[in-house]
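One-letter residues, chain by chain:
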Amino acid sequence: MTSPASSSEVKYLIESSEGNTFDVSGAALRQSNTFNAMFLNIGADGPIPFTDYNEATLKKVFEYCEHSVNEENYSGPKHQDDLSKWDLNFFNEMDQKMFIDVINASNFLDIERLTSYCCERIARMLRGKNTQEMIKVITLPTAEELEAKQKVEEKKAAAAKKVAEKAAETAEKTETLEELPVQQLVQTTRNKLTRKYLSFSNE
Amino acid sequence: MPPLKFMSFPSLVQENVLKHMEFVEVFMMSLCSKRTKNCAVRARIEIPQVYFTVKETEQKIGIRLGEGKEVTKTIIRVLEYLEERIKSADKVRYGDFESVCAAIKPYKGGCVIKVKQTEEPFMAGLYHYFKALFRLTEPSYLIMNVNRLSERMLFVEDVNKAYITGQTLEVKDLELFLTKNPNLENLKIQSSINGEIDDISRILSVKNLRLSSAGHFGMRVLSKFTGRNICLFEPVLVETELNAIIKKWINGEEFQNLEAVLAQNIRPIVRGMNLDQICDGFAVERFNPANRPQYFQFDKKLFGHRCKPYFFIGPPCYDVIRKSDGKRASVLATHMHFMFVVWN
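Residues numbered from 1 in each chain as written. Chains lettered and ligands numbered in written order. Predicted model: local features only at pLDDT ≥ 70, side-chain atom pairs only at ≥ 80, totals over all residues.

### What about the overall build of chain B?
Within chain B, the secondary structure is distributed over 9 helices and 19 strands. Taken across its 344 residues, chain B has 35% of its residues classed as buried. For chain B, restricting intrachain contacts to residue pairs at least 6 apart in sequence, the fraction spanning at least 24 positions comes to 54%. (Helix = DSSP H or I, 4+ residues; strand = E, 2+ residues; numbered from the N terminus. Buried ≥ 20, exposed ≤ 12 C-beta atoms within 10 Å, placed from the backbone. Contact = placed C-beta atoms within 7 Å.)

### A short note on the overall build of chain A
Of the regular secondary structure elements, chain A holds 9 helices and 3 strands. In sequence order, the secondary structure elements of chain A are arranged as β-β-α-α-β-α-α-α-α-α-α-α. Within chain A, buried positions represent 22% of all 203 residues. Sequence-distant contacts in chain A: of pairs separated by 6 or more residues, those separated by 24 or more amount to 66%.

### Points about the nonpolar core
Grouped together as the largest cluster of nonpolar side chains are 121 residues, with contacts concentrated most on Val61(A), Phe27(B), Met29(B), Ile246(B), Val261(B) and Val331(B). Excluding its chain neighbours within four sequence positions, the residues that come into contact with Val61(A) are Val102(A), Ala105(A), Ser106(A), Leu109(A), Ile111(A) and Leu114(A). (Core = buried A, V, L, I, M, F, W, Y, C linked by C-beta atoms within 7 Å.)

### Notes on the packing of helix α5 (residues 96–109) of chain A against helix α6 (residues 112–125) of chain A
Residues and elements named next belong to chain A. Orientation of α5 relative to α6, taken along the N-to-C sense of each, is 145°, at an axis distance of 8 Å. In terms of crossing hand, the pair formed by α5 and α6 is left-handed. Contacts between α5 and α6 involve Val102, Ile103, Ser106 and Asn107 from the first element and Leu114, Thr115 and Cys118 from the second. Across the contact of α5 with α6, the residue classes break down as 4 nonpolar, 3 polar and no charged. (Axes fitted to C-alpha atoms, helices over the stretch in contact; angles between N-to-C directions. Left-handed = near helix turned anticlockwise from the far one by under 90°. Nonpolar A, V, L, I, M, F, W, Y, C, P; charged D, E, K, R; others polar.)

### Details of the interface of chain B and chain A
Contact residues are listed per partner, giving 26 residues for chain B and 25 residues for chain A. At the level of secondary structure, the elements contributing two or more residues to the side of chain B that touches chain A comprise α1 (11–19), α2 (23–30) and β5 (103–107) of chain B. Of the residues that constitute the side of chain B that touches chain A, the class distribution is 19 nonpolar, 4 polar and 3 charged.

### Remarks on the sheet that holds strand β1 (residues 11–15) of chain A
Hydrogen bonds between backbone groups are what pair the strands of a sheet, and the pairing can be parallel or antiparallel. Residue and element names in this part refer to chain A. The strand order across the open sheet formed by 3 strands is β2-β1-β3, and the pairing between neighbours is mixed. Each having just a single partner strand, β2 (21–25) and β3 (48–49) make up the two edges of the open sheet. Here β1 runs beside β2; their pairing, made up of 5 bridges, is antiparallel. Its bridge partner lying in β2, Lys11 is registered against Ser25. (Pairing = 2+ DSSP bridges.)

### Points about helix α7 (residues 239–250) of chain B
All names here are of chain B. With 12 residues, α7 should reach 16 Å at 1.5 Å per residue; the first-to-last C-alpha distance of 16 Å fits that figure. Within α7, the full set of buried residues consists of Leu242, Ile245, Ile246 and Trp249. All buried residues of α7 lie within an arc of 95° about the axis, which places them on one face of the element. On its buried face, α7 sits against α6 (215–222), α8 (275–278), β17 (317–321), β18 (328–333) and β19 (337–342). (Expected span 1.5 Å × (residues − 1). Arc of directions from axis to C-beta.)

### Description of α6(A)
An α-helix turns once per 3.6 residues; consequently, residues spaced three or four apart project the same way. Taking 1.5 Å of rise per residue, the 14 residues of α6(A) would be expected to cover 20 Å, and the 20 Å separating its terminal C-alpha atoms lies within 8% of that figure. Those residues of α6(A) that sit buried are Arg113(A), Leu114(A), Thr115(A), Tyr117(A), Cys118(A), Cys119(A), Glu120(A), Ile122(A) and Ala123(A). Packing partners of the buried residues in α6(A) comprise α3 (55–67), α4 (85–93) and α5 of chain A together with α1 of chain B.

### Observations concerning the environment of Lys155(A)
Inspection of the secondary structure assignment puts Lys155(A) in helix α8 (residues 143–179). A sequence separation of 12 residues divides Lys155(A) from Ala167(A), and the C-alpha atoms of the two residues are 18 Å apart.

### Quick look at the confidence of the model for chain A
Residues and elements named next belong to chain A. The pLDDT averaged across chain A works out to 80; a share of 79% of its residues lies at or above 70. Across chain A, α5 holds the top mean pLDDT of 92, while helix α9 (residues 182–202) sits lowest at 72. Considering only residues more than four positions removed or in separate chains, one finds that residues 1–7, a stretch of pLDDT under 50, has 14 contacts. (pLDDT = per-residue confidence, 0-100.)

### A short note on the packing of α1(B) against helix α3 (residues 34–43) of chain B
Residue and element names in this part refer to chain B. The geometry of α1 relative to α3 is characterised by a closest axis approach of 9 Å and an angle of 80° between their N-to-C directions. Judged by the angle between their axes, α1 and α3 are roughly perpendicular. Residues Ser11, Gln14, Glu15, Leu18 and Lys19 of α1 form the contact with α3, whose own contacting residues are Cys39, Ala40, Arg42 and Ala43. Here the residues of the contact of α1 with α3 are counted per class, giving 4 nonpolar, 2 polar and 3 charged. (Parallel < 35°, antiparallel > 145°, perpendicular 65-115°, else oblique.)

### What about unusual backbone geometry?
The phi torsion at Arg44(B) lies on the positive side, around 45°, for a residue other than glycine. Position of Arg44(B) relative to the elements: it lies in the loop between α3 and β1 (45–47).

### Quick notes on the pairing of β18(B)
Within a regular strand, side chains alternate between the sheet's two faces. Residues and elements named next belong to chain B. By the criterion of burial, β18 is predominantly enclosed, with 5 of the 6 residues buried. Relative to β18, β17 runs antiparallel, the two being bridged by 5 bridges. Across the sheet, the residue bridging to Cys317 is Leu332, located in β18. Hairpin geometry of β17 and β18 is characterised by an intervening segment of 6 residues between the two adjacent antiparallel strands and by a positive phi of about 75° at Gly326. As paired elements, β18 and β19 share 5 bridges and run antiparallel to each other. What sits directly across from Leu332, in β19, is Met339. Counted between consecutive antiparallel strands, the loop separating β18 from β19 contains 3 residues.

Here it is in structure tokens:
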């Protein structure tokens, strides 16, 4: 869309999963290592497609990037207590769904600072908790659930195996029937019927 | 509100979250499921020097806080509890610790594991679990009670500092301990030691040795010591043997690695040490500020934070010179101390 030989005023068009486009400054976009690796040097003709993420998420992520343009270079993870008021508001405004989307988008775009802050926030959610509480927070299946799941999977596998075996058997039978000449087939059927008749008469 | 499915995050995010956690939280997290454990292992979290404490009814795994500090923080504390005292709600089975009835809870920045008995297999299992979880960047520090000292209990690998506590230590147990920890640089022994040492005993070659209840054993070790620093508390020293040690040092026959000897009695020895008898038979010099400083600073690693610089001046102090290279050492003897230090 724009020339990569850019200053911070250069704007890039970003395309979201809905097909909507919006512009982001080059300076903000350069915080994304993914963007740097993909487009900075070769340039982008037309909107840059980040179509795995919706417009709201991408706008949120780039809002953070725009804000942190003028901050000093990122030097490792910062403690949540050291976050500025703006940063805290930024995180507090988000609901959980948006937060999860922002983490994933930030990770994909490889925005180190934002990813790190988001991860610190998750780590905080787990602070001082025992394993049972942790399991609840991070929504891990419990041992019982895992066991039940395994049983269901085992049953499914067993059923699938049975079906496969039956299919193989049928295929084998069909093959043998197809292979037999007509006279032999007639003879075999006759023999079977005779055996059945005999068994009935014995009863 | 959608659930926060941790395992649905990309693995880089999962590892990043773990890196923001305290070590104890990573440990607790690893116990949640096999997948979280694998995630923690993948994150390869580095850990500073680890302290393993093996007491009679309590075991601890801690870390050193900050570079060069002796302050530690406990991460895991294993306590023996009567089964009846563990509430039924606490009886949970976790990951690799299934065999024991345990309750694992966060406590004061660490976590407590309550078990019926701190058996060797459990402790060894916990150690190996911990080692798999974190990347130990430095050799470990082992603190062990003599009553727990057995071959099966010596599972901690790569130990370079150790502290043996308790009442009495048998020489054969000490030898076993030293054989299992061949890279030991610093060894502190609180217990009194029973038994005889031979010339090839491993205790003689420990670089820095400190015996808190040295007694007669202290003198026997000192007379054959090949390490660098030795610190003896409550030793029974013999002037003639000290004299022989200094003579051998001067003539370059033995004790060539020796840097400092500090022998100290808490109560003043009634008889006191006879400096002239210790320094009998070789040339001595009095302190001269042109030749050396007034005070000597003992190695903090060996003698702890209480170590102050000692003044080597005045009547109870003589200097001796090594014949081969002219290296200077000072001998100081008072009612409470005997010291021999080599000046660099």
